[in-house]
Amino acid sequence: MPVANTSADIYLQLKKLNVLGSILYIAAHPDDENNGFLPYLAKERLYRTGYLSLTRGDGGQNLIGSEQGIELGMIRTQELLAARRIDGAEQFFSSAYEFGFSKSATEALRIWDKEQVLEDMVWVIRKFQPDILITRFPSDARANHGHHWASALLANEAYIAAADSTRFPKQLKLGVKAWKAKRILWNGFNFGGTNTTTGMPVKLDVGGYDPLIGKSSGELGGEARSMHKSQGEGRPRRRGEVIENFTTIGGDTAKNDIMDGVITDWTRIEGGTEVKARIDHIIQQYNFEHPENSVDSLVELYKNIQRLRYRGMWWKQKLGEVQETILNCSGIFAEATTREQFILQGDTATVNCTVNNRTNTPVQLTSVSIIRNAGTDNPQLLKINQNYSVDLKVPVSEPAMGNATQPYWLQQPQTAGNFIIPDPLLTGQAWNNALLNATFYFEIRDLGFSVIRPVQYKYVDPVKGEVYQPFILVPHIYFSLAPHVALMNVKTPAGRFGSDSVYINYKSNFTKQKVPVSVYMLEDTIKAAFEKQDRDFEKGRSYTIALPVKKYYNPAKGEYIEAAIKLNLNGKDQMFTKYFKGISYDHIPDIYYSFKDRIKFVNEEVITAGKKIGYIVGAGDRIPEALKEMKYDVKILSEADLTDANLQQFDAIIVGIRAYNIYEYLSDKSEVLNNYVQNGGNLISQYIKSNKVGNKNLKMGPYPFSINAGMRVTEEDAKVNFLLPRHPVLNYPNKITDTDFDGWIQERSTYQVDQADAHYEMPLGMNDTNEKQSNGSLAIAKYGKGNFAYVGLVLFRQLPAGVPGAYRLLANLIALPKN
């Protein structure tokens, strides 16, 4: 979406032209950055500021939807970019995969390819060339997370390695050079029960008010922080004094300011004194009502910088900044848009390129181009405030465009701890480049320069107004498989069941009749389901093919089945093997990516008791799908459904993850829910993040208990001890054994019960290596005729992954006997 620049914005851009200082902030995750400090650096002190997040936050939890894993990582990547658009910093990443909570740097660096992540960081440092580095966390256990701890250790190593030309020498052939930052500092913190700020020598008040922006850095930081919506990180706009604390951990010691001894103006560059004087003069003469009056001087400034003998990073950076300021002072608007969001490879896109010169600055548009042979060479002297528009026909046919939509870090299979980056030049980059870019060539006062704009899909929404979204390359067809987990041996009171059919749901992105189609089910070898059936395809229409399980699934060949669809298009066979998925939220651009969908078959017996389940959806919840596959009748409950009379119909009520933290009404309805238990129902609550909702204490369960956010078992293969082996939850209707805890992913439990009323029984014990056993992953209390269970076990991860024991445990919780 085009950014509107006010006269105040332009004035800040002019001031920034005179600042040649840069800072790189380093931490582990989205939301680790100091959101009040970054706008202070970028907008108050006007430094070039970057945030290097080692991971994309893939292993966290999702408060706004059901996406997990790499999908959550893409959402959080875009949330970081949304935050950067507010605070003015730049965003970078390494190849590290966020595999879940870690308690030690040793574990993090063992799972990550440490040397690869270090190489990534060194590349970012050498390319960005920061004057100083700042870590968010200490390089010890006070970091309170193994990833945090590891990020500090790696930052210190990268600070040294980036300056050593013998480390990662291949990078030096790709356009970067060894880079020695002045120092590396640690930004102390006071949160999470840990105060590390005592005795830190450098203190900065970062809460100052900027009248040009109309906000303080604390206010901007609150807005930026609130972009982390998937993490529930909405924050207030902070006003008043905000003190940040720093200590030097490498390099020259800072005594009074983080940038002590760093020259941050043009005097650091040979010939820069004259440049500085020119910028000072432009600032002095700037007219807020007529920014265009500065264009002539800015053009001369541009030429002056061009003539400098210096050709380093700041030369290129400042030429770009001056060019952008000339455009903004001239009031030039330029965009390239389409009327369709999607295009097939091989088709031709119609791209509308529009330019408007909104001031009296003489501007000539010399040409517009998108790709070779797709442009116009018809010079136009732009009239004041008149739209000039041209439609360009652009063939989308180059083979290299085939991966343009797939996020670059997902284009190759990942390892347990790292994404594989297909091109080293992409290292650190936040997102893919646009599918197409339009280049506008302008001439202003005899200065010619080019402006690149991404081609975007633009439309007008009746509620949102003008909306811009990415322009996306799509396959001719894409498909998903259902169910994602197929239970083949479910024994219910009504009999024994298993999935009889699986379904291929596919969508067409083109229209054509009588297309030869072959559908395949893939196990160890390809097995054709349909051969050369002619089918009619209609753009935008979805189709479903039902396939009998017994015909296409052989347990001896493995747990999974995939599929492929072959089409004969214009005499050529094309094989389609992936699902093309979209993710859409209002606060970030639409996200699209593709992956091979598959069905996991579970042959282990799952015995159920009871039939009807009421479900209160929580954050990132996919458990209702699992319940339906277990042959339960599931009804999603709203606040209005929570009445004494209505709840009597359910054998069990299950509350989704963090639902009590999201919905205040659940505390308000505690009496109704407790009555349900007292009258013989089973109430199963999945984990909560804390015992509060807003500023209020939660009312949850018939007896009090407290949650400790630090009590979690992150080793997914941790030994599970049966502390109450005769407890019904371990025996009925499924006999739970050690094998039911095999194959778990990411972690065992989270947010465990710490202290609890004596009525609670805790049948399971577990711990991470070298830690004391904790018993709070599952707490069950009898109340009246029914039962209440708090479940810190991460069933929400295990059920979608098709872990058999998770299904058996859930069935036992639902079937807890009436008292």
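As a reminder, the structure under discussion sits directly above these lines.
So, how was this worked out
Residues numbered from 1 in each chain as written. Predicted model: local features only at pLDDT ≥ 70, side-chain atom pairs only at ≥ 80, totals over all residues. Heavy atoms only, no water. Helix = DSSP H or I, 4+ residues; strand = E, 2+ residues; numbered from the N terminus. Rg over C-alpha atoms; globule rule 2.2 N^0.38 Å. Buried < 20%, exposed > 50% of the residue type's maximum accessible area, 1.4 Å probe, protein only. Contact = heavy atoms within 4.5 Å. Areas by Shrake-Rupley, 256 points an atom, 1.4 Å probe, with all protein chains shown as cover. Pairing = 2+ DSSP bridges. Core = buried A, V, L, I, M, F, W, Y, C linked by side-chain atoms within 4.5 Å. Salt bridge = Lys/Arg side-chain N within 4 Å of Asp/Glu carboxyl O. Phe/Tyr/Trp six-rings, centres within 6.5 Å; stacked < 30°, edge-to-face > 60°. Axes fitted to C-alpha atoms, helices over the stretch in contact; angles between N-to-C directions. Parallel < 35°, antiparallel > 145°, perpendicular 65-115°, else oblique. Nonpolar A, V, L, I, M, F, W, Y, C, P; charged D, E, K, R; others polar. Expected span 1.5 Å × (residues − 1). Left-handed = near helix turned anticlockwise from the far one by under 90°. Polar contact = N/O pair within 3.5 Å; in protein donor to acceptor, adjacent residues only side chain to side chain.

**Student:** If you had to explain the overall build of the protein chain to someone new, which residues and values would you point to?
**Tutor:** Helix and strand counts for the protein chain come out as 18 helices and 49 strands. Taking 819 residues into account, the globule formula puts the C-alpha radius of gyration at 28 Å, and the protein chain, at 30 Å, falls close to it. Along the first, second and third principal axes, the C-alpha set of the protein chain runs to 85 × 75 × 55 Å. Looking at the protein chain as a whole, 56% of its 819 residues qualify as buried. Of the contacts made within the protein chain by residues no fewer than 6 positions apart, 74% connect residues no fewer than 24 positions apart. Here the protein chain displays about 34800 Å² of accessible surface, and carbon together with sulfur accounts for 47% of that area.

**Student:** Explain the sheet that holds strand β36 (residues 606–607) residue by residue, including any values.
**Tutor:** Backbone hydrogen bonds are what pair the strands of a sheet, in a parallel or an antiparallel way. Strand order in the open sheet formed by three strands is β26-β25-β36, with mixed pairing between adjacent strands. Here the strands that pair on one side only, and so sit at the sheet edges, are β26 (495–497) and β36.

**Student:** Before we move on, could you go through the nonpolar core and cite the residues and values that matter?
**Tutor:** Ranked by internal contacts, the top residues of the largest apolar core, which has 75 residues, are Leu627, Tyr790 and Leu813. The biggest single contributor to this core is helix α18 (residues 804–814), with seven residues. Setting aside anything within four residues of it in sequence, one finds Leu813 in contact with Asn682, Ile684, Val729, Leu778, Ile780, Ala789, Val791 and Leu795. Tyr11, Leu17, Val322 and Leu365 belong to the second largest nonpolar core, which has 58 residues in total.

**Student:** So what's going on with the environment of Ile343? Which residues, and what values?
**Tutor:** Mapped onto the secondary structure, Ile343 falls in strand β13 (residues 342–344). With 128 residues separating them along the chain, Ile343 and Phe471 place their C-alpha atoms 7.9 Å apart. Beyond its immediate chain neighbours, meaning those up to four positions away, Ile343 contacts Thr348, Ala349, Val396, Leu435, Phe471, Ile472, Leu473 and Val474.

**Student:** Outline the pattern of salt bridges, supporting the account with residue identities and numerical values.
**Tutor:** Tallied over the entire structure, the rule returns 31 salt bridges. Among the salt bridges present, the one from Lys458 reaches Glu335, with a minimum N-O distance of 2.7 Å. Taken together, the positions of Lys458 in strand β20 (residues 447–461) and Glu335 in strand β12 (residues 332–338) put the pair 123 residues apart, joining distant regions of the chain. Residue classification places Lys458 among the partly exposed positions, given a relative accessible area of 26%.

**Student:** A description of the environment of Ala96 should follow, citing residues and the corresponding values.
**Tutor:** You can see Ala96 is positioned in the loop between β3 (90–93) and α4 (105–111). Sequence separation of Ala96 and Gln116 is 20 residues, and the distance between their C-alpha atoms is 8.5 Å. Setting aside residues no more than four positions away along its own chain, Ala96 makes contact with Leu54, Thr55, Arg56, Trp112, Val117, Gly417, Asn418 and Phe419.

**Student:** Got a sec to walk through the packing of aromatic side chains? Specific residues and values, please.
**Tutor:** Scanning all chains against the criterion turns up 37 aromatic pairs. Ring centres of Phe440 and Phe442 lie 6.4 Å apart, and the angle between their planes is 10 degrees; this geometry places the pair in the stacked category. Owing to a relative accessible area of 0%, Phe440 belongs among the buried residues under this scheme. Pairing Phe705 with Tyr760 gives two aromatic rings, centres 5.5 Å apart and planes at 70 degrees, and the pair type is edge-to-face. With Phe705 in strand β43 (residues 705–708) and Tyr760 in strand β46 (residues 760–761), this residue pair connects regions lying 55 residues apart in the sequence.

**Student:** Just give me the short version of the pairing of strand β31 (residues 560–569), but keep the residues and values in it.
**Tutor:** Taking burial as the measure, the 10 residues of β31 include seven buried ones, the bulk of the element. For strand β28 (residues 512–522) and β31, the ladder comprises six bridges, and the chain directions are antiparallel. When the bridges of β31 are listed, Met521 appears paired with Ala563. Remark: two residues form the turn of the hairpin made by β31 and strand β32 (residues 572–576), two consecutive strands paired antiparallel; Asn570 in that turn has positive phi of roughly 55 degrees.

**Student:** Go over the sheet that holds strand β23 (residues 477–482), please, and point to the residues and values.
**Tutor:** Here we have three strands laid out as an open sheet, ordered β23-β27-β30, and antiparallel in their pairing. The open sheet has two edge strands with one neighbour each: β23 and β30 (542–548). Shown here is a sheet whose adjacent strand axes are inclined to one another by a mean of 20 degrees, direction ignored. In this structure, β23 lies alongside strand β27 (residues 501–508), joined through six bridges in antiparallel fashion. Note on β27: the bridge partner recorded for Ala482 is Tyr503.

**Student:** A description of unusual backbone geometry should follow, citing residues and the corresponding values.
**Tutor:** Each neighbour pair has its own omega, and for Ala482 with Pro483 the value is -5 degrees, a cis peptide bond. Following the sequence through the fold, Pro483 ends up in the loop between β23 and β24 (485–487). Looking along the chain, the bond that leaves Tyr732 and enters Pro733 is cis, with omega of -5 degrees. Mapped onto the fold, Pro733 is located in the loop between β44 (720–722) and β45 (752–756).

**Student:** Could you give an account of the packing of helix α2 (residues 37–44) against helix α3 (residues 70–87), naming the residues involved and the relevant values?
**Tutor:** α3 packs onto α2 with a crossing angle of 45 degrees between their chain directions and a minimal axis gap of 9 Å. It follows from the interaxial angle that α2 and α3 lie oblique. For the pair α2 and α3, contact is made by Leu38, Pro39, Ala42 and Lys43 and by Arg84, Ile86 and Asp87, respectively. When its residues are assigned to classes, the contact of α2 with α3 shows four nonpolar, no polar and three charged.

**Student:** Tell me about helix α6 (residues 146–161), and name the residues and values.
**Tutor:** With 16 residues, α6 should cover 22 Å at 1.5 Å per step; its first-to-last C-alpha distance of 22 Å lies within 8% of that length. With respect to burial, α6 is a largely interior element, 12 of its 16 residues being buried. All of the buried residues in α6 are Gly146, His147, His148, Ala150, Ser151, Ala152, Leu154, Ala155, Asn156, Ala158, Tyr159 and Ala161.

**Student:** Could you give an account of the packing of α2 against helix α7 (residues 217–225), with specific residues and numbers?
**Tutor:** It is at 8 Å that the axes of α2 and α7 come closest, and there the two elements cross at 120 degrees. Comparing their axes, α7 and α2 come out oblique. Along this stretch, α2 crosses α7, giving a crossing that reads as right-handed. Between α2, through Pro39, Tyr40, Lys43 and Glu44, and α7, the contact on the second element is made entirely by Ser217, Leu220 and Gly221. A breakdown of the residues in the contact of α2 with α7 according to their chemical character gives three nonpolar, two polar and two charged.

**Student:** Tell me about the pairing of β12, and please be specific about residues and values.
**Tutor:** Here β12 lies mainly inside the structure; six of its seven residues are buried. Bridge analysis of β12 against strand β14 (residues 348–357) gives six bridges, and the strand direction is antiparallel. Of the residues in β14, the one forming a bridge with Ala334 is Val355. With three bridges connecting them, β12 and β20 associate as parallel partners. Opposite Ala336, over in β20, you have Val455 as the bridge partner.

**Student:** Which residues make up the side chain of Gln406, and what values do they have?
**Tutor:** Along the chain, Gln406 turns up in the loop between β18 (387–395) and β19 (437–444). Within the structure, Gln406 has its side chain in polar contact with the backbone nitrogen of Ser594 (distance 2.7 Å). Setting aside chain neighbours within four positions, we find Gln406 in contact with Gln411, Asn432, Tyr593 and Ser594.

**Student:** Residues and numbers for helix α9 (residues 295–306), please.
**Tutor:** Look at α9: 16 Å from first C-alpha to last across 12 residues, which is about the 16 Å you get at 1.5 Å a residue. Taken as a whole, α9 has its buried residues at Val295, Leu298, Val299, Leu301, Tyr302, Asn304 and Ile305. Against α1 (7–16), α8 (272–285), α10 (313–330), β19 and β20 lie the buried residues of α9.

**Student:** How would you sum up the environment of Ala254? Please name residues and give values.
**Tutor:** Tracing the sequence through the fold places Ala254 in the loop between β11 (243–251) and α8. For the pair formed by Ala254 and Leu185, sequence separation is 69 residues and the distance between their alpha carbons is 8.5 Å. Beyond its immediate stretch of four places on either side in the chain, Ala254 contacts Arg183, Leu185, Val202, Thr248 and Asp260.

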